[in-house]
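Each chain, written out:
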Amino acid sequence: MDKAYIPKTVEQDVYLLWEKGSPSLGYGRASGYFTPTINLKKRPFSILLPLPNANDPMHMGHAMFIVQDILIRYHRMKGDPTLWLPGGDHAGIETQFVFEKKLAREGKSRFDYDRDTLYKMIAEFVDANKNINRDQMKRLGFSLDWTRYHYSLEPKIIEQVLKTFVKLHEDKLLYRAEKLVNYCTKCGTSFSDLEVKHVEQIDKLYYMKYGPFILATTRPETKFGDTAVAVHPKDKRYQEWIGKEIEFEGLNGKVKLTVVADDVVDPAFGTGVVKVTPAHDMTDYEIGIRHKLPMKQVIGLDGKLTSLAGPYAGLRVKAAREKVVADLTARGMIDHIDEAYVHSVGTCYKCGTILEP
Ligand SMILES: [Zn+2]
């Protein structure tokens, strides 16, 4: 007998025995021990394994699933009908992101392939990882019922997801509406608020002349999407203007904006007057809803200004900002610029691009 215990020589055989069972060894069952015997008289115990993403081999953190294995084995030994359900997750955009990093290492990008080819390549990549993951879970001794393994992109599951959405829609729990999203123009996708990575950065704060007001903004290029200006309702400086309309000559002709009062305006920011761009700022969107302001989308999904920006249409945000500021300066409509304004911007956690609401 070896002096040291070498798991490698023992564990795989033992796992195979657990998984497949072996009547010849007197264990009495031909099928595996991980597949429950359904007994309607007994209370079942089941856990759905949080599906590992099939875009990488599993990491140390996945070993914590052992806690579930302990619970499962405890209930199985008690004689409860016990199921630990395994699977693999395609992980959608996460997988595409991992795959694109792999492509980048080879000096390629997703745009080098047509849609079908790219899809096929990613599917093959996922298939390989799925098998690695399955192997890793077996090596960890997880007592999962492999006869019930599912992959989250199986046709049956896709169909079930669609059915679920249709049902949610029929039950009026799902509806379609216009809403601001955190959008990365490089990745071509939107993110939930939780996924936004906020970073502090130094930008210029432009003080622009808006009719009778001077107001501060870091994003002068969105001015074509303004549908109001706002002040704090208790700001003594602007009481007489609340509810009135201001009119002035803008870069693309006459601009008419209503002055609204809203609690969310910080009187200490800039001059206490802010422009309201409901289509491109979360706070402004909320102000827009409270005051029933229209939404004007001036930045498209491609990160370029839309036709609403007139002669600035087609320019990317950064270029548009430079041109707008240059033109405003030429017309004497920039009062002054704070060169080192520190603020927080939402960025894409994948590629670092500043998100456009
Ligand atoms: Zn991105």
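Residues numbered from 1 in each chain as written. Predicted model: local features only at pLDDT ≥ 70, side-chain atom pairs only at ≥ 80, totals over all residues. Heavy atoms only, no water.

To continue, consider the domain arrangement of the protein chain. With domains assigned, the protein chain is organised as domain 1 (34-170) and domain 2 (190-347). Taking the mean C-alpha position of each, domain 1 and domain 2 sit 45 Å from one another. (Domains from an automatic or database assignment.)

Of note in the backbone geometry, A91 takes a positive phi value of approximately 60° without being a glycine. Within the element layout of this structure, A91 appears in the loop between β3 (87-88) and α3 (92-105). The phi dihedral of K292 falls on the positive side, at around 55°, and the residue is not glycine. Mapping K292 onto the fold places it in the loop between α6 (282-290) and α7 (317-330). (Helix = DSSP H or I, 4+ residues; strand = E, 2+ residues; numbered from the N terminus.)

This part is about the sheet that holds strand β8 (residues 213-217). A sheet is described by the order of its strands in space; here three strands give the open sequence β8-β7-β13, paired in antiparallel fashion. One side of each edge strand has no neighbouring strand; the edge strands of this open sheet are β8 and β13 (334-347). Between one strand axis and the next, the sheet turns through 20° on average, direction left out of account. Alignment of strand β7 (residues 197-210) against β13, held across eleven bridges, turns out to be antiparallel. By the bridge assignment for β13, V199 is matched with V345. (Pairing = 2+ DSSP bridges. Axes fitted to C-alpha atoms, helices over the stretch in contact; angles between N-to-C directions.)

F224 and V229 are the most contacted members of the largest nonpolar core, which totals 27 residues. Contributing elements (two or more residues each) for this core: β7, β8, β9 (228-231), β10 (245-250), β11 (253-261) and α7. Residues in contact with F224, not counting those within four places in the same chain, are L251, N252, K296, V298, L305, L308, A309, Y312 and V324. Residues Y15, Y33, L49 and L103 belong to the second largest nonpolar core, which totals 23 residues. (Core = buried A, V, L, I, M, F, W, Y, C linked by side-chain atoms within 4.5 Å. Buried < 20%, exposed > 50% of the residue type's maximum accessible area, 1.4 Å probe, protein only. Contact = heavy atoms within 4.5 Å.)

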